[in-house]
Amino acid sequence: MENSFDLVVVGGGIVGLASAYKINLKYPDKKILVLEKEPQVASHQTGHNSGVIHSGIYYKPGSYRAKNCVEGRRELVAFAREHHIKHDICGKIIVATKASELDHMHRVFNNGLQNGVEGIEQIDARRIKEIEPYCTGIEGIWVPCTGIIDYAEVARKLAELIEARFPGSRILTGHEVTAFEKHPDHTTVITNRGKFEAKNIVTCAGLQSDRVARKEGAKTDNTIVGFRGDYYELTEQGKTKVKNLIYPVPNPVYPFLGVHFTRMISGETECGPNAVFVFKREGYGKTDFSLKDTAEAFGFGGTWKFFYKNWRFGLDEYRRAFSKKLFLQRLQGLIPSLTMEDITPGRAGVRAMLLVKEGKMSDDFEIEHHDNAIHILNAPSPAATASLAIGTRVQQMATEYLRLN
Ligand SMILES: Cc1cc2nc3c(=O)[nH]c(=O)nc-3n(C[C@H](O)[C@H](O)[C@H](O)COP(=O)(O)OP(=O)(O)OC[C@H]3O[C@@H](n4cnc5c(N)ncnc54)[C@H](O)[C@@H]3O)c2cc1C
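In this text, all values refer to a predicted model and were calculated from it rather than measured experimentally. (Residues numbered from 1 in each chain as written. Predicted model: local features only at pLDDT ≥ 70, side-chain atom pairs only at ≥ 80, totals over all residues. Heavy atoms only, no water.)

Please explain the site of the ligand as it appears in this structure.
Lining the immediate surroundings of the ligand are 39 residues, of which E36, T46, N49, A379 and T385 lie closest. A379 places a polar main-chain atom, nitrogen or oxygen, 2.7 Å from an oxygen atom of the ligand. At a separation of 3.5 Å, an oxygen atom of the ligand approaches a polar backbone atom of A384. Relative to its unbound accessible surface of 1000 Å², the ligand loses 98% to contact with the protein. The leading source of residues in the shell around the ligand is helix α1 (residues 14–26), at three residues. Residue composition of the shell around the ligand, by class: 17 nonpolar, 17 polar and five charged. (Near = heavy atom within 4 Å. Polar contact = N/O pair within 3.5 Å; in protein donor to acceptor, adjacent residues only side chain to side chain. Areas by Shrake-Rupley, 256 points an atom, 1.4 Å probe, with all protein chains shown as cover. Helix = DSSP H or I, 4+ residues; strand = E, 2+ residues; numbered from the N terminus. Nonpolar A, V, L, I, M, F, W, Y, C, P; charged D, E, K, R; others polar.)

Explain empty space enclosed by the protein here, please?
Over the atoms, a rolled probe matching the size of one water molecule traces out where space is still vacant. A full pass over the atoms with the stated rule returns one cavity of 30 Å³ or more. One number sums up the size of the largest cavity: a volume of about 60 Å³. Lining the largest cavity, in full, are I224, V225, G226, F277, V278, F279, K280, R281, D293, T294 and A297. Listing elements by their share of the lining of the largest cavity, those giving two or more residues are β13 (223–234) and α8 (291–298). Split into classes, the residues belonging to the lining of the largest cavity amount to six nonpolar, two polar and three charged. (1 Å grid on protein atoms, 1.4 Å probe; cavity = no way out; pocket = protein on both sides within 12 Å on 5 of 7 lines; lining within 4 Å. Points joined across faces, edges and corners; volume = space filled by probe spheres on them.)

So what exactly am I meant to see when it comes to the packing of aromatic side chains here?
The geometry of an aromatic ring pair is captured by two quantities: the separation of the ring centres and the angle between the planes. Scanning all chains against the criterion turns up twelve aromatic pairs. Aromatic side chains Y232 and F327 sit 4.6 Å apart centroid to centroid with 50 degrees between the ring planes, which places their arrangement in the tilted category. One end of the pair, Y232, is in strand β13; the other, F327, is in helix α10 (residues 324–332), and 95 residues separate them in sequence. As far as the burial class goes, Y232 and F327 line up, both buried. Following the ring pairs from residue to residue traces out a cluster consisting of F227, F277, F279, F298, W304, F306 and F307. The ring of Y247 has K92 sitting right over it, with the charged end atom 3.4 Å from the ring centre. Above the plane of the ring of Y231 lies R347, whose end atom (NZ or CZ) is 4.4 Å from the centre. (Phe/Tyr/Trp six-rings, centres within 6.5 Å; stacked < 30°, edge-to-face > 60°. Buried < 20%, exposed > 50% of the residue type's maximum accessible area, 1.4 Å probe, protein only. Lys NZ or Arg CZ within 6 Å of the ring centre and 35° of its normal.)

What's the story with the pattern of salt bridges in this structure? I'm lost.
Pairing between side chains of opposite charge can happen when their charged atoms approach one another. Here the structure, examined in full by the defined rule, presents 28 salt bridges. We note a salt bridge from K157 to E160, for which the minimum N-O separation is 3.1 Å. Of this pair, K157 and E160 both sit in helix α5 (residues 151–165), three residues apart, roughly one helical turn. Residue E160 is classed as partly exposed on the basis of its relative accessible area, which comes to 44%. Two residues, R319 and D316, come together in a salt bridge whose shortest N-O distance is 3.3 Å. Taken together, the residues R319 and D316, both in helix α9 (residues 301–322) and three residues apart, mark about one turn of the helix. When its relative accessible area of 46% is taken as the criterion, R319 is described as partly exposed. (Salt bridge = Lys/Arg side-chain N within 4 Å of Asp/Glu carboxyl O.)

Would you explain the environment of D371 in this entry?
Within the fold, D371 resides in the loop between β20 (366–370) and β21 (373–378). On the accessibility criterion, D371 (60% relative accessible area) is exposed. A C-alpha to C-alpha distance of 27 Å links D371 and F300, two positions 71 residues apart in sequence. Contacts of D371, omitting those with residues within four sequence positions, involve K182, Y401 and L402. Side-chain polar atoms of D371 contact the side chain of H370, separated by 3.2 Å. (Contact = heavy atoms within 4.5 Å.)

What is the right way to read the layout of surface pockets from this model?
What the second largest pocket holds in volume is close to 640 Å³. Around the second largest pocket, the lining is made up of 26 residues, and of these P248, V249, N251, G258 and R330 lie nearest the centre. Every element with two or more residues in the lining of the second largest pocket is listed here: α9 and α10. Considering every element that reaches the lining of the second largest pocket, the biggest residue donor is α9, with five residues. Class assignment for the residues of the lining of the second largest pocket results in 13 nonpolar, six polar and seven charged.

Got a minute to help me understand the state of the cysteines in this structure?
Among covalent bonds in proteins, the disulfide is the one between the sulfur atoms of two cysteines. In the structure shown here, the tally under the stated rule is zero disulfides. This cysteine, C204, is not joined by any disulfide, and C69 carries the nearest cysteine sulfur, 16 Å off. The exposure class of C204 is buried, given its relative accessible area of 10%. (Disulfide = S-S within 2.5 Å.)

How should I be thinking about the environment of K357 in this particular structure?
Relative to the assigned elements, K357 resides in the loop between β18 (343–355) and β19 (361–362). The spatial distance from the C-alpha of K357 to the C-alpha of L172 is 35 Å, given a sequence separation of 185 residues. Aside from chain neighbours lying at most four places away, what touches K357 is D221, N222, F300, G301, G302 and K305.

Teacher, can you tell me more about α10 here?
Buried within α10 are the following residues: F327, L328 and L331. One side of α10 carries all its buried residues, which in axial view fall inside an arc of 100 degrees. In this fold, the buried residues of α10 make contact with β13, β15 (260–263), β16 (269–272), α9 and β18. (Arc of directions from axis to C-beta.)

By themselves, these are just geometric observations and shouldn't be taken as functional.
Printed below as a string of structure tokens:
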């Protein structure tokens, strides 16, 4: 194989692949190499998420998340139709169960209107019951354009299209990028299995995005921390209590959407995820531990500030991670008749959250560039929904800042 490329993209998650695809669509003759460290693409966040096509209702008007989620959703649905990827625009409800949640729920509704989310409606308790007969709430929002999809399948399709449509481009799995060597007119990208010459670099390494970007020379002060989300699955009897998607009103203080019920495109129905600080960035087990990840997280002042401000939230989430009974109690807030027999432990995912040194989580998409490189430093939810729109943004930045001509 030839070892010289116009662009090397590090990270074969949905955002890295969408970026490579969009750049190749604009520059079909350019040779792009995507390097992924795992044996398959979509092995981390892209393959371990809720599979929801988000509407764009939650995000602050004017933010990158708001704009890219709405545009990306429309594009994703068109892409899924064109390439026969199974999906279902089944709609969802957001449900307030206490009067104290109503103000924030109304804010979420107004965000949805400002963000141009189609067809949203405020609904009363009776309408909640019509849509989801086992769900109890005092008021809610009906969001008809929310859907479900398997994002790993979308990522695999993007990888397939890149190699099929652009003969000079390649996806190489099992290649972990370990270093970059800078030269005046190119960068040598070093992996555990070889060396590649690249005129330009895009990094999109999810849970490793800060480390990979720093190795390349980015001057970011922030660090990635992981938050594991555990899911339970509904048993056959539990599944009769949920038709589609039921979400709580999110806690405005945290960038998580709260434990929700999601019918998956595979036919299972999941409930979760919670949000537990992890001691291993790519650790999916409850007791997984990495000395390097832990030492790095606690060597960063922002982590201590984050813990100091959020210790109660953290402790509650930790207790719920080890107690099915406590997890069930939270779910019963939305479906009071749910029992221990209705849920069984399921899989887990780890979210990459960018923590800034003041101890706050940065909740918007962050992309920076310098010299011949673009780094996607933060791509939290709904980045899977928004991936094609983020890809367009990266392509525009590549046109403006990289040496593609
Ligand atoms: C529990 C959970 C639920 C979520 N639910 C939703 C949802 O319902 N809808 C939604 O839109 N979004 C959701 N998200 C968010 C969404 O999954 C992510 O925002 C999105 O997948 C990010 O994609 P990515 O390509 O940036 O990261 P990733 O998918 O994590 O990909 C990064 C890739 O980089 C690779 N990599 C890292 N280091 C190197 C290296 N040195 N060399 C080579 N390769 C490297 C990794 O192996 C990985 O494959 C959820 C996330 C989680 C974790």
